[in-house]
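# An overview of the molecular structure
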Amino acid sequence: INLFVVAGETGSRSILCAWTGDSRAAYFSGSDLHEFGHLSNDHDPTSVAERRRIDQYGKEKGGAFVARRTTQGGALGPWAVFKNTPEVGGLSLMMTRSIGDARHSKAIVPDPEFKRIQVGRQEIVRCVVASDGMWRVLNANAVREVLVRSANADIASKWLALEAVRLHG
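Every value quoted in this text rests on a predicted model; they were computed, and no experiment measured them. (Residues numbered from 1 in each chain as written. Predicted model: local features only at pLDDT ≥ 70, side-chain atom pairs only at ≥ 80, totals over all residues. Heavy atoms only, no water.)

Okay, the overall build of the chain next. Along the chain, the regular secondary structure elements total four helices and nine strands. Each of the three principal axes of the chain carries a C-alpha extent, and together these read 55 × 40 × 25 Å. With 169 residues in all, the chain has 38% of them scored as buried. Contacts spanning at least 24 positions in sequence make up 48% of the contacts within the chain whose residues lie at least 6 apart. Split by element, the accessible area of the chain, about 10,200 Å² in all, is 53% carbon and sulfur. Measuring between centres, the 22 positive side-chain charges of the chain sit 2 Å from its 18 negative side-chain charges. (Helix = DSSP H or I, 4+ residues; strand = E, 2+ residues; numbered from the N terminus. Buried < 20%, exposed > 50% of the residue type's maximum accessible area, 1.4 Å probe, protein only. Contact = heavy atoms within 4.5 Å. Areas by Shrake-Rupley, 256 points an atom, 1.4 Å probe, with all protein chains shown as cover. Lys, Arg positive; Asp, Glu negative; His and termini not counted. Charge placed at Lys NZ, Arg CZ, Asp CG, Glu CD.)

Right, here's the structure in full:
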């Protein structure tokens, strides 16, 4: 994830997020950080658009299957992208976009998505960029509470990391 903050001529700011993969960025704004919004979304096989893209690639060029691992008892584990017919022990990836995973299906692309939001001149905004693991165990309200209680970004990031580890166990 890359996050850019650009100052405008009138004092407003633009926040631009560019991402690929499953790390996430979000923002909290307002005097008590009550407003929440996503700056990114996961690139994974549960996304309808991403699944369609992978399926189309597989139909046209081969080497791309979206499925769950299977055993004699049925489907096992999360949805993933497979290079070959999905079998237990086969190579798979739970992301549909990634940088540096060339050994997987050629349908896994490094192409980023982009999102831009405008922030007013006097508006208070805090951005949080974290792994999918943190966002799976901490919801927006829990993150907001840490941001409100923290004196600065260094303290907030340490609290969020420690809380995510504590909850994940």
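Turning our attention to the pairing of strand S3 (residues 24-29). In terms of residue burial, S3 counts as a mostly covered element, since six of its six residues are buried. Burial along S3 is two-sided: the residues Arg24, Ala26 and Phe28 and Ala25, Tyr27 and Ser29 are all buried. Pairing of S3 with strand S9 (residues 125-130), which is carried by six bridges, proceeds in the antiparallel orientation. Looking at S9, one finds that Ser29 is bridged to Val125. Summarising the sheet, S3 and strand S4 (residues 35-38) pair through four bridges and their orientation is antiparallel. Residue Ser29 lies in a different strand from S4, and its bridge partner there is Glu35. A loop of five residues connects S3 with S4, the two strands running antiparallel in sequence, and Gly30 in this loop sits at a positive phi of about 100°. (Pairing = 2+ DSSP bridges.)

All chains considered together, the criterion is met by six salt bridges. Asp132 is paired through a salt bridge with Arg136; the nearest N and O atoms lie 2.9 Å apart. Residue Asp132 and its partner Arg136 are located together in helix H2 (residues 132-137), separated by four residues, close to a single helical turn. For Asp132, a relative accessible area of 14% corresponds to the buried category. What makes Arg136 exposed here is its relative accessible area of 53%. One salt-bridge network, held together by shared partners, links Glu50, Arg53 and Arg97. (Salt bridge = Lys/Arg side-chain N within 4 Å of Asp/Glu carboxyl O.)

Taking 1.5 Å of rise per residue, 16 residues should cover 22 Å, and helix H4 (residues 153-168) covers 22 Å from first to last C-alpha, within 8% of that figure. Within H4, burial applies to Ala156, Leu160 and Ala164. The buried residues of H4 occupy one face: seen down the axis, they fall within an arc of 65°. Among the exposed residues of H4, those pointing more than 90 degrees away from its buried face are Leu162, Val165 and Arg166. On its buried side, H4 packs onto S9, H2 and helix H3 (140-149). Gly169 lies just past H4 and shows a positive phi near 70°. (Expected span 1.5 Å × (residues − 1). Arc of directions from axis to C-beta.)

What follows deals with the sheet that holds strand S7 (residues 92-93). Spatially, three strands are ordered S5-S6-S7 in an open sheet, and the strand pairing comes out antiparallel. Among the strands making up the open sheet, the edge pair consists of strand S5 (65-71) and S7. Where S5 lies against strand S6 (residues 74-82), six bridges are found, and the strand directions are antiparallel. Among the inter-strand pairings, Thr71 is bridged to a residue of S6, identified as Gly74.

To continue, consider the packing of H3 against H4. Packing of H3 against H4 leaves a shortest axis separation of 9 Å and a crossing angle of 145°. Once H3 is placed against H4, the crossing between them reads as right-handed. Residue-level contacts link Val143, Val146, Leu147 and Arg149 of H3 to Ala156, Trp159 and Leu160 of H4. Across the contact of H3 with H4, the residue classes break down as six nonpolar, no polar and one charged. (Axes fitted to C-alpha atoms, helices over the stretch in contact; angles between N-to-C directions. Left-handed = near helix turned anticlockwise from the far one by under 90°. Nonpolar A, V, L, I, M, F, W, Y, C, P; charged D, E, K, R; others polar.)

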